[in-house]
Amino acid sequence: QVQLVESGGGSVQAGGSLRLSCAASGYAAITYCMGWFRQAPGKEREGIAIIHRYSGTSYTDSVKGRFTISQDNAKNNLYLQMNSLNPEDTAMYYCAASGWYDCDSGSWSSRVTKYTDWGQGTQVTVSS
């Protein structure tokens, strides 16, 4: 089981930036994907950015061009650089890990089911 701890959330004005971090430890199996997900009140949890160990990165349309997912060389830390934030980005943000090889394939709505290890979340609030 992978233990994940997010940090870096907070409150920011629209147009501002935040950098989220996720510390990973306790890998019990090969991790093929690390991803960032978010969940706003009353909405389903949605994937927004994924990095596959072989396939690279992918982003959902709502964050493409504004957010950047990355890992350190040891792959023990995951990051999400968020720029040009708007109120629609307000949500609880989670990092997650997947041992599924196809963790970056299929519809974005289905990908959440392929992640078995989750952090506790960090709140991001964007005010207008």
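Conventions adopted
Residues numbered from 1 in each chain as written. Predicted model: local features only at pLDDT ≥ 70, side-chain atom pairs only at ≥ 80, totals over all residues. Heavy atoms only, no water. Helix = DSSP H or I, 4+ residues; strand = E, 2+ residues; numbered from the N terminus. Buried < 20%, exposed > 50% of the residue type's maximum accessible area, 1.4 Å probe, protein only. Polar contact = N/O pair within 3.5 Å; in protein donor to acceptor, adjacent residues only side chain to side chain. Contact = heavy atoms within 4.5 Å. Phe/Tyr/Trp six-rings, centres within 6.5 Å; stacked < 30°, edge-to-face > 60°. Lys NZ or Arg CZ within 6 Å of the ring centre and 35° of its normal. Salt bridge = Lys/Arg side-chain N within 4 Å of Asp/Glu carboxyl O.

Novice: Please set out the side chain of H52 residue by residue, giving values where relevant.
Specialist: With respect to the secondary-structure elements, H52 resides in strand β5 (residues 46-52). For H52, a relative accessible area of 3% puts it in the buried group. Within the local environment of H52, its side chain forms a polar contact with the backbone nitrogen of S55, the two atoms lying 3.3 Å apart. Here H52 is in contact with Y32, C33, Y101, C103 and D104, once residues within four sequence places are set aside.

Novice: Before we move on, can you summarise the packing of aromatic side chains with the specific residues and values?
Specialist: By the definition in use, this model includes seven aromatic pairs. Aromatic side chains Y54 and Y101 sit 6.4 Å apart centroid to centroid with 40 degrees between the ring planes, which places their arrangement in the tilted category. Taken together, the residues span a long stretch of sequence, with Y54 in the loop between β5 and β6 (56-59) and Y101 in the loop between β9 (91-98) and α1 (108-111) at a distance of 47 residues. As far as the burial class goes, Y54 and Y101 line up, both exposed. Three or more aromatic residues link up through ring pairs in this structure, and these residues are F37, Y94, Y115 and W118. We note R19 situated over the ring of Y79; from NZ or CZ to the ring centre the distance is 4.1 Å. The ring centre of Y94 lies 3.8 Å from the NZ or CZ of R45, which sits over that ring.

Novice: Kindly report on the pattern of salt bridges, identifying the contributing residues and their values.
Specialist: Evaluation of the coordinates by the stated rule reveals five salt bridges. R38 serves as the salt-bridge partner of E46, at 2.9 Å between the closest nitrogen and oxygen. Judged by relative accessible area, which is 33%, E46 ranks as partly exposed. Residue class for R38 comes out buried when judged on its relative accessible area of 6%.

Novice: Talk me through unusual backbone geometry; I want residue IDs and the actual numbers.
Specialist: Despite not being glycine, S84 shows a phi value in the positive range, around 50 degrees. Within the secondary structure layout, S84 lies in the loop between β8 (77-82) and β9.

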